[in-house]
Amino acid sequence: FSANRTTEAWKIDLGGRFDYSRREVEFEEGEDPFVDEREDWSAEALVVKSLGPHWSVGFFTEAGKSVRFNRDFGFEFSPAVEWNYFPWQESTRRRFVVLYTLGLNYLDYEEETLFEKTEETLVQHRVDVAFRLQDSSTWTNTPSN
């Protein structure tokens, strides 16, 4: 799922996902089957307050579990700074956004890593760039027949 709301004062993006799979393989009669069961999930939120028509500050947070990344549980909290080339009131039609976050990422691993870690807290930073342009000629209030 995902949901977002952008106003001139606030931008809130929420998202989440849940994946579950189970595979059972039977070998020869009388042997126990091989069972592969996986559960991955994540939830995230970006909340920023506008400082004007182009800049905003707030935070990004994420929590989840990922078999693929050897994470039994992970949690990130990062302050965020966001800049939009276009004014925020135009963000439903067009946006060119640069987001920078710098914060802490706690990781609890399912299995010991190559560096002999079962858990750790890392400083993490990221830059996300997004461009979106929606053709306003497709917006119409004309009822369809």
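To be clear, the structure that these remarks concern was listed above.
It should be emphasised that the depicted structure is a prediction, and the values quoted were computed from it without experimental measurement.

A.B. asks: What is the right way to read the side chain of Lys 65 from this model?
C.D. replies: The residue Lys 65 is located in strand β4 (residues 55–66) in this model. Overall, Lys 65 belongs to the buried group, its relative accessible area being 18%.

A.B. asks: I keep staring at the pattern of salt bridges and nothing clicks. Help me out?
C.D. replies: A pair can form between side chains of opposite charge whenever their charged atoms are brought close. Taken as a whole and judged by the stated rule, the model has ten salt bridges. We note a salt bridge from Arg 22 to Glu 24, for which the minimum N-O separation is 2.8 Å. With its nearest N and O atoms 3.8 Å apart, the salt bridge here joins Arg 22 to Glu 37. With Arg 22 in strand β2 (residues 10–25) and Glu 37 in strand β3 (residues 34–50), this residue pair connects regions lying 15 residues apart in the sequence. Under the relative-accessibility criterion, Arg 22 is labelled partly exposed at 47%. On the basis of relative accessibility, which here comes to 47%, the residue Glu 37 falls in the partly exposed class. Connected through salt bridges with shared partners, the residues Lys 11, Asp 13 and Glu 82 form a single ionic network.

A.B. asks: Which parts of the structure should I look at to understand the sheet that holds β4?
C.D. replies: Sheet strands pair via backbone hydrogen bonds, and the direction of the pair is either parallel or antiparallel. Ordered in space as β1-β2-β3-β4-β5-β6-β7, the seven strands form an open sheet in which the pairing is antiparallel. Edge positions in the open sheet fall to β1 (2–6) and β7 (119–133), since each of these has one partner strand only. Between one strand and the next, the sheet's axes are offset by a mean angle of 15°, whatever the strand orientation. Sheet topology note: the strand β6 (residues 94–109)/β7 ladder contains 15 bridges and is antiparallel. Residue pairing across strands places Leu 107 opposite Glu 120, the latter belonging to β7.

A.B. asks: Can you help me understand the layout of surface pockets in this one?
C.D. replies: Any empty space left between the atoms is revealed when a probe the size of a water molecule rolls over them. In this structure, the largest pocket encloses a volume near 270 Å³. In terms of lining residues, the largest pocket is bounded by 19 residues, among which Ser 42, Glu 62, Gly 64, Ser 66 and Arg 71 are the most central. For the lining of the largest pocket, the secondary structure elements donating two or more residues are β3, β4, β5 (71–84), β6 and β7. Here the lining of the largest pocket takes five residues from β4, the largest share from any one element. Forming the boundary of the second largest pocket are 15 residues, of which Lys 11, Leu 46, Glu 82, Leu 99 and Asp 128 lie nearest the centre. Breaking the lining of the second largest pocket down by element, the ones donating at least two residues are β2, β3, β6 and β7. At five residues, β7 tops the list of elements feeding residues into the lining of the second largest pocket.

A.B. asks: What exactly am I supposed to notice about the packing of aromatic side chains here?
C.D. replies: Inspection of every chain in the model, using the stated rule, returns six aromatic pairs. A ring pair is formed by Phe 96 and Phe 131, whose centres lie 6.3 Å apart and whose planes are at 65°; its orientation type is edge-to-face. Pair noted here: Phe 96 is in strand β6 and Phe 131 is in strand β7, with a separation of 35 residues, a long-range link. Among the aromatic residues, ring-to-ring pairing joins Trp 83, Tyr 85, Phe 86, Phe 96 and Phe 131 into one connected group.

Conventions adopted
- Residues numbered from 1 in each chain as written.
- Predicted model: local features only at pLDDT ≥ 70, side-chain atom pairs only at ≥ 80, totals over all residues.
- Heavy atoms only, no water.
- Helix = DSSP H or I, 4+ residues; strand = E, 2+ residues; numbered from the N terminus.
- Buried < 20%, exposed > 50% of the residue type's maximum accessible area, 1.4 Å probe, protein only.
- Salt bridge = Lys/Arg side-chain N within 4 Å of Asp/Glu carboxyl O.
- Pairing = 2+ DSSP bridges.
- Axes fitted to C-alpha atoms, helices over the stretch in contact; angles between N-to-C directions.
- 1 Å grid on protein atoms, 1.4 Å probe; cavity = no way out; pocket = protein on both sides within 12 Å on 5 of 7 lines; lining within 4 Å.
- Points joined across faces, edges and corners; volume = space filled by probe spheres on them.
- Phe/Tyr/Trp six-rings, centres within 6.5 Å; stacked < 30°, edge-to-face > 60°.

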